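Okay, here's what each chain looks like letter by letter:
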Amino acid sequence: MFKTKRRKRWFISGLVVFTLLVTASIVASNFFYNLAIKREVKTYLQDNEDLVVSAETMDVFLTGSWRSWFSQSDFKPMEIESFDGLSLRGYYLEAEEPTNKTVVFAHGYLGKARDMALYGQYYYEDLGYNIFTADLRGHGESEGEYIGFGWHDRLDYLDWIDEIIAMQGPDTEIILHGLSMGGSTVLMTSGEELPSNVKAVVADSPFSSTYDLFDYQMEQMFNLPDFPLLPITSKITEMRANYSLYDASALNQVEHAELPILYLHGGKDTFVPTSMAQELYENTHSEAEIHIFDEASHGEAIVMYEEEYLDTLYTFIEKHID
């Protein structure tokens with residue numbers, strides 16, 4: 001009888017502890033969802049040492065001539081409705097001389113369409129391309145209550161591609177060029193069934209998958225393991241944003257890609273580790289190239305290694321675009 005009562009007390013105590021742990025995990029996972037995925041003002045990256053760049057790079061990011069080039073250029077606003085009813089905004093700049101060649105840009109986490117003018121100016125002035133850049137869902141002037149980390153964005157980009165082809169005609173040739181989260185976005189897009197107009201993909205500083213990125217960042221910022229918080233966060237994301245952290249995988253998508261892909265990454269990137277680009281490259285089944293800029297951190301290769309970056313980019317483009 002006493003043993004039965006003791007077992008019952010242990011069972012109740014264990015159940016209480018288990019319930020408290022589950023509740024705490026759900027609360028923490030909701031916190032991480034709001035921190036990283038929900039659309040709202042985010043300050044947690046402001047003092048992140050993994051995003052520190054050189055003074056020269058920061059000066060170009062903040063005051064470079066590309067900013068005035070964007071504001072002075074005649075970008076035409078475009079708008080589409082997404083598969084789930086969101087109004088998405090894009091911006092199109094016609095080349096100075098008529099051309100059938102267009103670069104489609106995807107910006108990084110918490111960025112905006114105009115951020116890609118840093119790259120667009122080169123395409124426009126050196127290569128004579130039409131420029132298209134969009135605010136990803138949950139960013140800029142586009143609607144959306146969550147950040148898609150490339151997964152739903154890949155479907156948005158299929159719609160943007162169709163819109164550009166309809167506008168420019170059937171002989172249009174398109175390059176997809178993305179940075180950071182945008183790099184993963186164009187990689188996720190590459191694994192879909194694309195029109196033959198899309199000729200190549202450039203992915204600068206991409207992450208392999210959203211789950212892997214969150215796992216890495218939780219260790220970096222909070223010294224926490226992925227289990228049990230990330231699986232629960234993934235479930236919460238599935239309920240609140242209609243995708244899971246497991247779904248949003250550039251790694252899975254590049255295994256189905258048929259386009260040539262150029263991977264660009266900083267050798268000292270500790271925000272999205274260089275190993276992720278290497279893993280993506282090794283698992284790409286289509287023609288692929290990778291170029292590591294040894295001393296660059298996250299997203300700064302275009303500034304630190306401008307000539308080398310552009311030589312690598314232009315050589316790749318000339319190889320795959322008529």
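Along each chain, the written sequence defines residue order, and numbers are assigned to residues from 1. Per-residue local features are limited, in this predicted model, to residues with pLDDT of at least 70; the limit for side-chain atom pairs, both in listing and counting, is 80 or more; totals at the level of whole chains, interfaces and linings are taken over all residues. To get the side-chain values, all heavy atoms of the structure are used, and hydrogens and water are removed first.

A.B. asks: Teacher, can you tell me more about the overall build of the chain here?
C.D. replies: Where helices and strands are cited, they refer to DSSP runs of H or I of at least four residues and of E of at least two residues respectively, numbered from the N terminus. Counting its secondary structure elements, the chain contains twelve helices and eight strands. Here the globule rule is a power law, 2.2 Å times the number of residues to the power 0.38, and the radius of gyration is based on C-alpha atoms. The C-alpha atoms of the chain give a radius of gyration of 22 Å, which matches the 20 Å a tight globule of 322 residues would have. If you line up the chain on its principal axes, its C-alpha atoms span 90 × 40 × 35 Å. A 1.4 Å probe rolled over the protein chains alone gives each residue an accessible area, and that area as a share of the maximum for its type sets the label: buried under 20%, exposed over 50%, partly exposed in between. Burial analysis of the chain (322 residues in total) assigns 53% to the buried set. Contacts are assigned to residue pairs with any non-hydrogen atoms lying within 4.5 Å of each other. In the chain, the proportion of contacts linking residues at least 24 apart, taken out of those at least 6 apart, comes to 76%. Accessible surface area values rest on a Shrake-Rupley calculation with a 1.4 Å probe, where residue burial reflects the displayed protein chains alone. Taken as a whole, the chain presents about 15200 Å² of accessible surface, with 53% of it coming from carbon and sulfur. We score Asp and Glu as negative and Lys and Arg as positive, and we do not count His or the chain ends. Charge coordinates come from a single atom per side chain, which is NZ of Lys, CZ of Arg, CG of Asp or CD of Glu. Positive and negative charge centroids in the chain, built from 22 and 52 side chains respectively, lie 20 Å apart.

A.B. asks: Sorry if this is basic, but what is going on with the packing of helix α3 (residues 65–72) against helix α4 (residues 117–127) here?
C.D. replies: Following both chains from N to C, one finds α3 and α4 inclined at 70°, their axes separated by 9 Å at the closest point. One way to sum up the angle between α3 and α4 is to call them roughly perpendicular. Contacts from Ser65, Trp66, Trp69 and Phe70 of α3 reach α4 at Ala117, Leu118, Gly120, Gln121, Tyr124 and Glu125. Angles here are taken between N-to-C directions and fall from 0 to 180 degrees, while the axes themselves are lines fitted to C-alpha atoms, restricted in helices to the stretch in contact. Put simply, angles under 35 degrees are roughly parallel, angles over 145 are roughly antiparallel, angles from 65 to 115 are roughly perpendicular, and the rest are oblique.

A.B. asks: Where do I start with the pairing of strand β3 (residues 101–106) in this structure?
C.D. replies: Every regular strand shows the same layout, with side chains that alternate between the two sheet faces. The buried count for β3 comes to six of six residues, which makes it a mostly enclosed element. Residues Lys101, Val103 and Phe105 line one face of β3 and the alternating positions Thr102, Val104 and Ala106 line the opposite face, and both faces are buried. Across six bridges, the pairing between β3 and strand β5 (residues 173–179) is parallel. Across the sheet, residue Lys101 finds its bridge partner in β5, namely Glu173. When DSSP locates at least two bridges between a pair of strands, those strands are taken to pair. Bridging between β3 and strand β4 (residues 130–134) involves five bridges; their strand directions are parallel. Among the inter-strand pairings, Thr102 is bridged to a residue of β4, identified as Asn130.

A.B. asks: So what exactly am I meant to see when it comes to the side chain of Asp269 here?
C.D. replies: Residue placement: Asp269 occurs in the loop between β7 (261–266) and α10 (274–282). Summary of buried charges: Asp269 has no salt-bridge partner, and the nearest side chain of opposite charge, Lys268, is 12 Å away. Within the local environment of Asp269, its side chain forms a polar contact with the backbone nitrogen of Phe271, the two atoms lying 2.9 Å apart. Within the structure, the side chain of Asp269 is placed 2.9 Å from the backbone nitrogen of Val272, a separation counted as a polar contact. Those residues in contact with Asp269 that lie beyond four places of it in its chain are Ser205, Thr274, Ala296, Ser297 and His298. Only one rule defines a salt bridge in this text: a Lys or Arg side-chain nitrogen within 4 Å of an Asp or Glu carboxyl oxygen. Pairing of N or O atoms within 3.5 Å defines a polar contact, subject to two protein rules: one partner must be a possible hydrogen donor and the other a possible acceptor, and residues neighboring in sequence count only if both atoms are side-chain atoms.

A.B. asks: Teacher, can you tell me more about the packing of aromatic side chains here?
C.D. replies: When we look at a pair of aromatic rings, we describe it by the centre distance and by the angle of the planes. Each Phe, Tyr or Trp ring, with Trp reduced to its six-membered ring, pairs with another whose centre is within 6.5 Å; inter-plane angles below 30 degrees give stacked pairs, above 60 give edge-to-face pairs, and intermediate values give tilted ones. Across all of its chains, the model carries 17 aromatic pairs by this definition. Between Phe32 and Phe222, the aromatic rings sit 5.3 Å apart at their centres with planes inclined by 70°, giving edge-to-face as the arrangement. Taken together, the positions of Phe32 in helix α1 (residues 2–36) and Phe222 in helix α7 (residues 210–222) put the pair 190 residues apart, joining distant regions of the chain. When its relative accessible area of 33% is taken as the criterion, Phe222 is described as partly exposed.

A.B. asks: Could you clarify how one ought to interpret the environment of Gly120 in this entry?
C.D. replies: In this structure, Gly120 sits in helix α4. A residue is classified by how much of its surface remains accessible, and Gly120, at 0% relative accessible area, is buried. Setting aside chain neighbours within four positions, we find Gly120 in contact with Trp69, Phe105 and Ile131.

A.B. asks: Sorry if this is basic, but what is going on with unusual backbone geometry here?
C.D. replies: Across the chain, the bulk of peptide bonds are trans and the bulk of non-glycine residues have phi less than zero. Between Phe227 and the following residue, Pro228, the backbone shows a cis peptide bond with an omega angle of 5°. Tracing the backbone through its elements, the reader meets Pro228 in the loop between α7 and α8 (229–241). Positive phi, normally seen in glycine, also occurs at Ser180, with a value near 60°. Here Ser180 lies in the loop between β5 and α6 (181–190). Owing to a relative accessible area of 10%, Ser180 belongs among the buried residues under this scheme.

A.B. asks: When you look at the sheet that holds strand β1 (residues 76–81) in this model, what are you seeing that I'm missing?
C.D. replies: Backbone-to-backbone hydrogen bonds pair the strands of a sheet. The strands run either parallel or antiparallel. Strand order in this open sheet of eight strands is β1-β2-β4-β3-β5-β6-β7-β8, and the pairing throughout is mixed. This sheet does not close on itself; its edge strands, each paired only once, are β1 and β8 (288–293). Averaged over all pairs of adjacent strands, the angle between their axes in this sheet comes to 20°, without regard to strand direction. Bridge count between β5 and strand β6 (residues 198–204): six bridges; the pairing is parallel. By the bridge assignment, Gly178 is partnered in β6 with Ala203. Relative to β1, helix α5 (residues 151–168) is tilted by about 125°, and along the sheet it contacts β1, β2 (87–93), β3, β4, β5 and β6.

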